Amino acid sequence: QVQLVESGGGLVQAGGSLRLSCAASGRTYALGWFRQAPGKERAFVAAISWVGGSTIYADAVKGRFTISGDNAKNTAYLQMNSLEPEDTAVYYCAAQSRYGVNWPPRYDYWGQGTQVTVSS
């Protein structure tokens, strides 16, 4: 089993930055970030694979967000710069815990989420 704990959310002014952390316990092959804004469906943000360090991003965050990871700590980070009010959402960490020849990841575990609020 995998447990995921997100942290680092908060309130920030537009143009500011936040750094989210996802601490995982148990085996993970890839970690990703999703977000869900009020009244919207959960949307993909970014993902990183421990195999080769491949990363992918949603178009909405390219150039502003950076996903990184520390495999030894089984932790992923999401550096969010140039934040906009449209980035306001609950951010969730997700994990692929099974080996597979696939990309992007196939997520089977989810964290509880951390709130990010960007004010104008």
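Structure first, text after, so check above.
Residues numbered from 1 in each chain as written. Predicted model: local features only at pLDDT ≥ 70, side-chain atom pairs only at ≥ 80, totals over all residues. Heavy atoms only, no water.

Caption draft 1: The arrangement of the overall build of the protein chain in detail. Each helix and strand in the protein chain was counted, giving zero helices and 11 strands. Its C-alpha atoms give the protein chain principal-axis dimensions of about 40 × 25 × 25 Å. Buried residues in the protein chain amount to 42% of all 120 residues. A separation of at least 24 residues holds for 58% of the contacts in the protein chain among residues at least 6 apart in sequence. When the accessible area of the protein chain is evaluated, it comes to approximately 6400 Å², of which 47% is carbon and sulfur surface. Mean positive and mean negative side-chain charge positions of the protein chain (10 and 8 charges, respectively) differ by 7 Å. (Helix = DSSP H or I, 4+ residues; strand = E, 2+ residues; numbered from the N terminus. Buried < 20%, exposed > 50% of the residue type's maximum accessible area, 1.4 Å probe, protein only. Contact = heavy atoms within 4.5 Å. Areas by Shrake-Rupley, 256 points an atom, 1.4 Å probe, with all protein chains shown as cover. Lys, Arg positive; Asp, Glu negative; His and termini not counted. Charge placed at Lys NZ, Arg CZ, Asp CG, Glu CD.)

Caption draft 2: A look at the environment of D59. Turning to its location among the elements, D59 is positioned in the loop between β6 (55-57) and β7 (65-70). The class for D59 is exposed, based on a relative accessible area of 63%. It is 21 Å that separates the C-alpha atoms of D59 and S21, two residues lying 38 residues apart in sequence.

Caption draft 3: Fine view of the pattern of salt bridges. Counted by the stated rule, this structure contains three salt bridges. Close ionic contact of D87 with R35 constitutes a salt bridge, the shortest N to O distance being 2.9 Å. Here D87, found in the loop between β8 (75-80) and β9 (89-96), pairs with R35, found in strand β4 (residues 30-36); they are 52 residues apart in sequence, far enough to count as distant. On the basis of relative accessibility, which here comes to 1%, the residue D87 falls in the buried class. The partner of D59 in a salt bridge is K62, with the nearest N and O atoms 3.1 Å apart. (Salt bridge = Lys/Arg side-chain N within 4 Å of Asp/Glu carboxyl O.)

Caption draft 4: Here's a closer look at the state of the cysteines. Here the structure, examined in full by the defined rule, presents one disulfide. Linked covalently through their sulfurs, C22 and C93 form a disulfide whose S-S length is 1.9 Å. Measuring the twist about the S-S bond at about -75 degrees, one finds the C22-C93 disulfide to be left-handed. Highlighted residues: C22 in strand β3 (residues 18-25) and C93 in strand β9, separated in sequence by 71 residues. Residue C22 is classed as buried on the basis of its relative accessible area, which comes to 0%. (Disulfide = S-S within 2.5 Å.)

Caption draft 5: Up close: the sheet that holds β3. Strand order in the open sheet formed by four strands is β1-β3-β8-β7, and the pairing between neighbours is antiparallel. Each end of this open sheet is capped by a strand with a single partner; those strands are β1 (3-7) and β7. Strand after strand, the sheet turns through a mean of 15 degrees between neighbouring axes, direction not considered. Two elements, β1 and β3, share five bridges in a ladder whose sense is antiparallel. Note on β3: the bridge partner recorded for V5 is A23. (Pairing = 2+ DSSP bridges. Axes fitted to C-alpha atoms, helices over the stretch in contact; angles between N-to-C directions.)

Caption draft 6: Highlighting the pairing of β4. In terms of residue burial, β4 counts as a mostly covered element, since six of its seven residues are buried. Hairpin geometry of β4 and strand β5 (residues 43-49) is characterised by an intervening segment of six residues between the two adjacent antiparallel strands and by a positive phi of about 75 degrees at G39. Pairing geometry for β4 and β9, over seven bridges, is antiparallel. Across the sheet, R35 pairs through a bridge with Y91, a residue of β9.

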